[in-house]
Amino acid sequence: MQAFTKLKGLVAPMDRANVDTDAIIPKQFLKSIKRSGYGPFLFDEWRYEDRGEPGMDCALRPKRRDFVLNQPRYQDAQILLARENFGCGSSREHAPWAILDAGFSCVIAPSFADIFYNNCFKNGILPIVLDSAAVDQLFTECFSQPGYSLEIELESQTVRTPTGQTFTFEVDAFRKHCLLNGLDDIALTLAQADAIRDFERQRRNTAPWLA
Amino acid sequence: MAQTLFDKVWRQHIVKQNDDGSVLLYIDRHLVHEVTSPQAFEGLRMAGRKPWRAGAAIATPDHNVPTTNRDKGIADPVSRTQVEALDNNCAEFGITEFGLDDIRQGVVHVMGPEQGLILPGMTVVCGDSHTSTHGAFGAIAMGIGTSEVEHVLATQCLIQKKPKVMRINIEGELASGITGKDIALYLIGQIGTAGGTGYALEFAGAAIRSLSMEARMSLCNMAIEAGARCGMVAVDDTTIDYVKARPYAPEGELWRKATTAWSELHSDADAVFDRELSFNAADIAPQVSWGTSPEMTLPITASVPNPDDARDEVQREGWQRALAYMGLQAGTPLQEIAIDKVFIGSCTNGRIEDFRAAASMIKGGRVADHVKLALAVPGSGLVKQQAEAEGLDVIFREAGFEWREPGCSMCLAMNADRLEPGERCASTSNRNFEGRQGMGGRTHLVSPAMAAAAAIAGRFVDIRTWGKGE
Ligand code: SF4
């Protein structure tokens, strides 16, 4: 997994609450058996006027002009600014894969759905929770200032605005450690193999119907 | 010390307590389907890893499978590749799979309980958010992403932080015709789609105890729509009677030991919850969702709401966008909304009881002329077989429904079953998100009886009064 340490990047505002993973990456793209290639189809139904199908050349498709990610000012954005309960619905990890593939490695929102939040960390994406007032402020600044960018530092758990204002965010220690170092947690868990075997041995006595 | 049901099951599965408060949690059962697993198997292959305990995993294809002409195989080459990838991966890694030609094949969350693969007190995961279904058995059942599917395959464990626990009591008696689905929609309407975020939910109270296992599964299935990590119901005789004699259930001496242990699987009388909510069962009417989020739900007697009545600006904008997408006017009575298609099935309502309830509504009636398609899609091959043994397929067919092969079908429209732009559907599935049942499609979530009645009437009706001189 790609490590995440710090990032200075352009911000794209996704100004809707309850953005679900069906909207982030519609079901027809879930038929792929790969982890990459989802970026052009991120928010497909909002982004294009036609119905997207896997394998299409998105450069040739009619785009919805009013959709935020289609506006020239947000091209090459790396930070997605979002509203409450971002990533709700389906557990599809294709959602963070699409976000990452489209060039984003950080999402900021007042709240996230559980599974999506968790899936981000597994893919080197940092999901940041800031309070609603802070998120409101970032939206206002982002809309009013072309080229608006933020500086994110995971080590100090801070988000810095262009004026130098700083917001701090919470992130749990283990996830932070894995993200900073790009660690694969399967290897970490397998280092506990003896503990897992002990547990299984005990369980054969206490709950033999589960063995 | 008094413990909640969640705490009891959680503690029994801690392999190791980590310093940061997370635990290494042991997973008893892992259900696998074709959409969220190929990248996980690929990960194992690339790292040269094997499943830790291949016997804990059971797979079936469901999302991509056609519901007609099964004998001809899967026409869509991309879907076919994915289903074949599941077949090959299961063969390579030694995992039991109920493939397309197996009578046990079906929606993973219908297949699992039906086979007795889900037992009280288990930890259950699947790369699918509706894994919460299995909490109906007093199990901790959670949806996970593909990276975690790989993690569980490789280690039989997950790294987890204990969520907070919320008990939701539904007291009193449900009115006749009110189902687990109506309770779920009602609750989500009350607490919102993020109302359960960060919590494990326990559904309790007299009304919950009176529910069948099918109804408890429908309810727990939608715990994820309230944002919860999982939903649970305490184990009682209803649970044990359901599990008994299923193919994978323990037998003989093991069964006796198991049932003794299972009798402890309820919250202690003085257990303390992080949050507790109570509702009166008598307040729950048949529900219909009107918008593009499961929280946008109202009783059938209500009208489409006015965005001016929203609680704040974010909600007002959400309602406005939903009304535009759904093609609805504020103030329209829900009973005046006409439908184009009907879908009865899914992991929420694809069980035998659901088809019985739906059939009881249509008996003798015919699908309204303007309804273009009414689909009845059993949740598994065994549900289909049982329904046919009871003659339900005949009732559906004679009314003008199509009686299909089992799978997820129009719940998410990954196969050919879908809505066209602008089409309006009465659906027994669990999500009414934009585009969920097809690009531009408009979904109204309802119970099976409500969907069947809507098919016949051509619009939503109140099943409590419909056909009784309404
Ligand atoms: S029936 Fe629908 S919600 Fe259930 S597993 Fe299939 S796609 Fe998911």
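Residues numbered from 1 in each chain as written. Chains lettered and ligands numbered in written order. Predicted model: local features only at pLDDT ≥ 70, side-chain atom pairs only at ≥ 80, totals over all residues. Heavy atoms only, no water.

### A short note on the interface of chain A and chain B
Listed by partner, the interface residues are 58 residues for chain A and 71 residues for chain B. Buried area between chain A and chain B, both sides added, is near 5300 Å², and the carbon and sulfur share of it is 58%. For chain A, the biggest contributors to the area lost against chain B are K31, R51 and W209 of chain A; these three give 15% of the whole. Where chain A touches chain B, the interface holds eleven salt bridges. For E434 of chain B, the salt bridge is made with R16 of chain A, and the minimal N-O distance between the two is 3.8 Å. Between chain A and chain B we count 30 residue pairs in polar contact (both at pLDDT 80 or more) in total. Every element with two or more residues in the side of chain A that touches chain B is listed here: α2 (44–47), α3 (94–101), α4 (114–121), α6 (173–181), α7 (185–190) and α8 (193–206) of chain A. For the side of chain A that touches chain B, the leading source of residues is α8 of chain A, giving seven residues. A class-by-class count of the residues in the side of chain A that touches chain B yields 21 nonpolar, twelve polar and 25 charged. (Contact = heavy atoms within 4.5 Å. Buried area = accessible area lost by both parts, 1.4 Å probe. Salt bridge = Lys/Arg side-chain N within 4 Å of Asp/Glu carboxyl O. Polar contact = N/O pair within 3.5 Å; in protein donor to acceptor, adjacent residues only side chain to side chain. Helix = DSSP H or I, 4+ residues; strand = E, 2+ residues; numbered from the N terminus. Nonpolar A, V, L, I, M, F, W, Y, C, P; charged D, E, K, R; others polar.)

### Description of the pairing of strand β9 (residues 164–171) of chain B
Residues in a regular strand point their side chains to alternate faces of the sheet. Residues and elements named next belong to chain B. Taking burial as the measure, the eight residues of β9 include six buried ones, the bulk of the element. Relative to strand β10 (residues 199–204), β9 runs parallel, the two being bridged by six bridges. Its bridge partner being in β10, V165 is matched across the sheet by A200. The parallel pair β9 and β10, bridged by helix α6 (residues 180–191), forms a crossover whose chirality is right-handed. When β9 meets strand β12 (residues 275–280), the two strands line up parallel, connected through six bridges. Counterpart to I170 in the pairing with β12 is F279. (Buried < 20%, exposed > 50% of the residue type's maximum accessible area, 1.4 Å probe, protein only. Pairing = 2+ DSSP bridges. Right-handed = clockwise from strand over helix to strand, strands pointing away.)

### Examining the side chain of D128 of chain B
Secondary-structure assignment places D128 of chain B in the loop between β6 (123–126) and β7 (140–143). Of the buried charged residues, D128 of chain B lacks a salt bridge, with R431 of chain B as the closest side chain of opposite charge at 6.4 Å. Looking at D128 of chain B, its side chain comes within polar contact range of the side chain of H109 of chain B, at 3.0 Å. With residues up to four places along the chain from it excluded, the contact list for D128 of chain B reads S91 of chain A together with H33, H63, H109, G143 and I144 of chain B. (Lys, Arg positive; Asp, Glu negative; His and termini not counted.)

### Quick notes on the environment of C142 of chain A
All names here are of chain A. Considering the arrangement of structural elements, one finds C142 in helix α5 (residues 132–144). Relative accessible area serves as the criterion here: at 1%, C142 is assigned to the buried category. Put simply, C142 and L10 are 132 residues apart on the chain and 9.3 Å apart in space, counted from C-alpha to C-alpha.

### Re the confidence of the model for chain B
Across chain B, the average pLDDT comes to 96, with 100% of residues at 70 or higher. Our summary of model confidence lists the complex with pTM equal to 0.95 and ipTM equal to 0.93. (pLDDT = per-residue confidence, 0-100.)

### Here's the deal with empty space enclosed by the protein
Residue and element names in this part refer to chain B. Scanning all chains against the criterion turns up four cavities of 30 Å³ or more. Roughly 210 Å³ of volume is contained in the largest cavity. Lining the largest cavity are 23 residues, and of these H63, D128, H130, L412 and R436 sit closest to its centre. For the lining of the largest cavity, the residue count by class is eight nonpolar, ten polar and five charged. Estimates place the volume of the second largest cavity at around 120 Å³. (1 Å grid on protein atoms, 1.4 Å probe; cavity = no way out; pocket = protein on both sides within 12 Å on 5 of 7 lines; lining within 4 Å. Points joined across faces, edges and corners; volume = space filled by probe spheres on them.)

### A short note on the sheet that holds strand β4 (residues 126–129) of chain A
All names here are of chain A. The strand order β4-β3-β2-β1-β5-β6-β7 describes an open sheet built from seven strands, whose pairing is mixed. With partners counted over all chains shown, the strands left at the sheet margins are β4 and β7 (166–168), one partner each. Neighbour to neighbour, the strand axes of the sheet diverge by 25 degrees on average, direction disregarded. Alignment of strand β1 (residues 6–13) against strand β2 (residues 79–81), held across three bridges, turns out to be parallel. Directly across from A12, in β2, lies its bridge partner L80. (Axes fitted to C-alpha atoms, helices over the stretch in contact; angles between N-to-C directions.)

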